[in-house]
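Letter by letter, the chains look like this.
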Amino acid sequence: MSAKTVSAKTVSAKAERDGESADDIGLFGRLVRGHRDRIGLTQRELADLSTISVRAIRDLEQGRATRPRHATVRLIADGLRLGPRARADLEAAARQGRYGWALKAGYDATPMVPPAALDVLMGRESEAAALTAELASGTERLVNVMGLSGVGKTRLALEVAARLHSGSGFPVLWAAFAGPPVAYRQQSGPEGLAALVAGCADALFGRPVARPPAAGTTDGTDRHADVTALAELVADRPALLVVDGALTDRPDTAELDRLLRDCPELRILVTSEGPYGVAGERTFLLGPLEAPDTTLEYTPDSLGRIPAVRLFLDQLRRTRPEYALTQDDVPAVADVCRRLDGLPSALRAAASWLVVYDLATLRQCLEDDLASLLVHLSGDDEGARFQEALRRRVARLPADGRALLARLCDGERDRADGEFELADVASLTGRSLPECGRMVRDLLLSGTARPSYQLGRSRFQVFHLVRAFQPAAARVATVAGHK
């Protein structure tokens, strides 16, 4: 008598006759038990043949474990002597078990909305419009938003995600690595989806670490199983995956390529500290908000329209609602916003303390010791995060770039505003203009300096905050032997 074929359809039909759904025990477990019963093996005999423990096989068959690793699936298939088609069914059931039919149904039925921002976007209209258009059209599918810590990368990502969702109907899958408190409210979604997206982001952009077995697994979690599961969930439909605060200096390019290939309509938006240099990456350097120009005179009205000042005043009025900008305060407000480089996190921290300080005192303290005051204003944790992020950025610079930054931060040039041109770099280093251009470009990409273009000339400036926080040890560096 010929052996009866065990298939996913057979298992599902039997489950319905028994009054259970395949998810009650798990399709993978039912397939294993069906194949085992068909060839007359006990759980102990299958354990001996597959080198998988009896307990693991029992947990899989009874649905207590639903996320077997690829190696586990292969060993069980070998022990059951499965042919190509039955093996493929078993592997498919294992992948489905990693996120479940309920999750798939929930994803299909529920619009996946982005987190809700808790504040108003200021001064980023051109950046938000450009990124939204590139991602919506598919011109760019992997965008990396880079910039200083506290520059507003997360807020920009929230805005772009909201526009893609409302304007183009993109489901938004959001994953955030641990970091400072965030100003958004995470939306609910199907059970298990947040963990799946977080696992996928960790596999792609997290630092490789050994992880203990996760709940529902038999022998530890395959680091990349979540990438496969997410690819099957999204398939060929449009979606936006946002990875906020990516950790690694180099993502898993093989898995990243596979996800983009398997999901041809997927877009990925990453916020990070620097470029990855991977194929297809669109690097987007986000600078601080526009700050007042030292060469211009302002009225309260004209100053209040500058993005950095708008943010500063908006935060100030949260603690002092009655405050109105006067002409007498214009110089102090303009100077505070300039000294803080238009950096949103620094502006918020400084403005929140005006319930204690007056403007003149705050301005004087920033002039006397910017670094110490900012740590005091923003708190030890925020100041430490900024310093650590700056240390990582400087460490990634080439040696000559680190030395150039140290020289520029050391105040060896006469200009108090810290501005410089390529000719100044050539004078400091003795290098050719092309070499100087490469070093300045490295500074710009690291987020430690910004360009300005006036009267057709390219000028650059190391941020005041970078100059203030540069470790003293870095300031003794030299550029190609020049002191």
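This one's a predicted model, so the numbers in the text were calculated from it and none came from an experiment. (Residues numbered from 1 in each chain as written. Predicted model: local features only at pLDDT ≥ 70, side-chain atom pairs only at ≥ 80, totals over all residues. Heavy atoms only, no water.)

1. Looking at the packing of aromatic side chains
Where two aromatic rings form a pair, the distance of their centres and the angle of their planes describe that pair.
And then number 1: What the rule picks out here adds up to four aromatic pairs.
And then number 2: Taking the centre distance of 5.5 Å and the plane angle of 65° together, the rings of Trp174 and Tyr184 count as edge-to-face. With Trp174 in strand β3 (residues 172–176) and Tyr184 in strand β4 (residues 184–185), the pair connects residues that are 10 residues apart, well separated along the chain. When sorted by exposure, Trp174 lands in the same class as Tyr184, which is buried. (Phe/Tyr/Trp six-rings, centres within 6.5 Å; stacked < 30°, edge-to-face > 60°. Helix = DSSP H or I, 4+ residues; strand = E, 2+ residues; numbered from the N terminus. Buried < 20%, exposed > 50% of the residue type's maximum accessible area, 1.4 Å probe, protein only.)

2. Section: the pairing of strand β2 (residues 142–146)
Each regular strand displays side chains that alternate between the two surfaces of the sheet.
And then number 1: Across the five residues that make up β2, a large majority, five, are buried.
And then number 2: Residues of β2 alternate between two faces, with Leu142, Asn144 and Met146 on one and Val143 and Val145 on the opposite face, all of them buried.
And then number 3: Examined bridge by bridge, β2 and strand β6 (residues 266–272) share five bridges and lie parallel to one another. By the bridge assignment for β6, Val145 is matched with Thr271. (Pairing = 2+ DSSP bridges.)

3. Description of the sheet that holds strand β7 (residues 281–285)
And then number 1: Taken together, the five strands give an open sheet; going across it, the order is β3-β5-β6-β2-β7, and neighbouring strands pair in parallel fashion. The strands lining the two open edges of the sheet, one partner per strand, are β3 and β7. On average, each strand axis in the sheet is inclined to that of its neighbour by 15°, with strand direction left out of account.
And then number 2: Against the sheet, helix α8 (residues 125–137) engages β2, β5 (239–244), β6 and β7, with an angle of about 145° to β6. (Axes fitted to C-alpha atoms, helices over the stretch in contact; angles between N-to-C directions. Contact = heavy atoms within 4.5 Å.)

4. A look at the side chain of Glu255
And then number 1: In this fold, Glu255 is placed in helix α12 (residues 253–262).
And then number 2: What Glu255 contacts, discounting residues up to four positions off in sequence, is Leu204, His224 and Val227.

5. With respect to the packing of helix α4 (residues 43–50) against helix α6 (residues 70–79)
And then number 1: Close contact between α4 and α6 brings their axes to 8 Å; oriented N to C, the two are set at 110°. Here α4 is positioned roughly perpendicular relative to α6, judged by the angle of their axes. The handedness of the crossing between α4 and α6 comes out as right-handed. Contacts from Leu46, Leu49 and Ser50 of α4 reach α6 at Leu75, Ile76 and Gly79.
And then number 2: In terms of residue class, the contact of α4 with α6 is built from four nonpolar, two polar and no charged. (Parallel < 35°, antiparallel > 145°, perpendicular 65-115°, else oblique. Left-handed = near helix turned anticlockwise from the far one by under 90°. Nonpolar A, V, L, I, M, F, W, Y, C, P; charged D, E, K, R; others polar.)

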